[in-house]
Amino acid sequence: MSKLKKKIKAAKKKVKKARRKLAKAQTRLARLETRANLPPYAELKQEMKGQWDALKGFAANGQQPDEQLLTAFYRNAQLITQYRGKGDDHYAEFLARIVSLEQVTGSGDWEKYPEAVAAVGSRVKGCHDIYKK
Ligand code: HEM
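Let me sum up the structure you'll find in this document.

Cut-off values and rules
Residues numbered from 1 in each chain as written. Predicted model: local features only at pLDDT ≥ 70, side-chain atom pairs only at ≥ 80, totals over all residues. Heavy atoms only, no water. Donors = N, O, S within 2.8 Å, 3.2 Å for Na, K, Ca; no water. Tetrahedral: all angles 85-135°; square planar, octahedral: opposite > 155°, others 65-115°. Helix = DSSP H or I, 4+ residues; strand = E, 2+ residues; numbered from the N terminus. Buried < 20%, exposed > 50% of the residue type's maximum accessible area, 1.4 Å probe, protein only. Salt bridge = Lys/Arg side-chain N within 4 Å of Asp/Glu carboxyl O. Axes fitted to C-alpha atoms, helices over the stretch in contact; angles between N-to-C directions. Parallel < 35°, antiparallel > 145°, perpendicular 65-115°, else oblique. Left-handed = near helix turned anticlockwise from the far one by under 90°. Contact = heavy atoms within 4.5 Å. Nonpolar A, V, L, I, M, F, W, Y, C, P; charged D, E, K, R; others polar.

With that settled, the discussion passes to the coordination of the iron atom of the ligand. Coordination of the iron atom of the ligand by the protein comes from Lys45 (NZ) and His128 (NE2), over a distance range of 2.0 Å. Each of the six donor atoms around the iron atom of the ligand contributes to a set of angles spanning 80 to 176 degrees, which defines the coordination as octahedral. In this pair, Lys45 is assigned in helix H2 (residues 41-60) and His128 in helix H5 (residues 113-131), connecting sequence segments 83 residues apart. Taking the relative accessible area as the measure of exposure, His128 reaches 31% and is therefore partly exposed.

With that settled, the discussion passes to the pattern of salt bridges. By the definition in use, this model includes six salt bridges. Here Asp53 makes a salt bridge to Lys49, at a shortest N to O gap of 2.8 Å. Linking Asp53 with Lys49, this pair stays in helix H2, spanning four residues, or about one helical turn. In this structure, Asp129 engages Lys125 in a salt bridge whose closest nitrogen and oxygen atoms are separated by 2.7 Å. Of this pair, Asp129 and Lys125 both sit in helix H5, four residues apart, which is roughly one turn of the helix. For Asp129, a relative accessible area of 53% puts it in the exposed group.

When two helices pack together, their arrangement is captured by the angle between the axes and the distance separating the axes. Viewed as axis vectors pointing N to C, helix H4 (residues 88-107) and H5 meet at an angle of 165 degrees, and their least axial separation amounts to 9 Å. It follows from the interaxial angle that H4 and H5 lie roughly antiparallel. The way H4 lies across H5 gives a crossing that is left-handed. On the side of H4, the interface is formed by Asp89, His90, Glu93, Phe94, Arg97, Ile98, Leu101, Val104 and Thr105, while H5 contributes Tyr113, Ala116, Val117, Ala119, Val120, Ser122, Arg123, Val124, Cys127, Ile130 and Tyr131. Its residues assigned to classes, the contact of H4 with H5 comprises 13 nonpolar, three polar and four charged.

Worth remembering: the numbers are spatial, not functional.
So, in structure tokens, the structure goes:
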């Protein structure tokens, strides 16, 4: 291989490495910025409590919740997992149940809605039993 081709190959390798480093730094920056703009935890949880009580009410009465309420609740459910020291070990399982609920409400499979709400509820209870004063 000519000297020039070897230099080009080495330069390409360096660029690839730099791109990986940049992507990692950008992800970290995005995460830090999200954390920097988080609302006060208790405030967010109180807002979420109102949404969650309403969603449970719809499940108990066999009714369908409105889209706006669902969207706001799902956004907050993602947001609470950005806080450190508030039950981090349970975030993945909580989010998995939120995703299942989203699939049920997104596909309009309302028969499964009460069960999906109960699955989220038991994860919330599990967390609060351990962490909530
Ligand atoms: C539907 C979902 C949830 C709702 C509606 C909810 C609601 C609440 C409310 C109303 C509080 C009291 C906030 C205050 O101080 O005024 C609270 C506290 C707390 N919740 Fe939740 N929660 C939910 C899910 C979770 C999950 C999944 C976890 C853990 C992974 C969690 C962990 C905590 C912790 C650690 C506190 C105590 C915070 C502190 O006092 O330092 N919560 N939650």
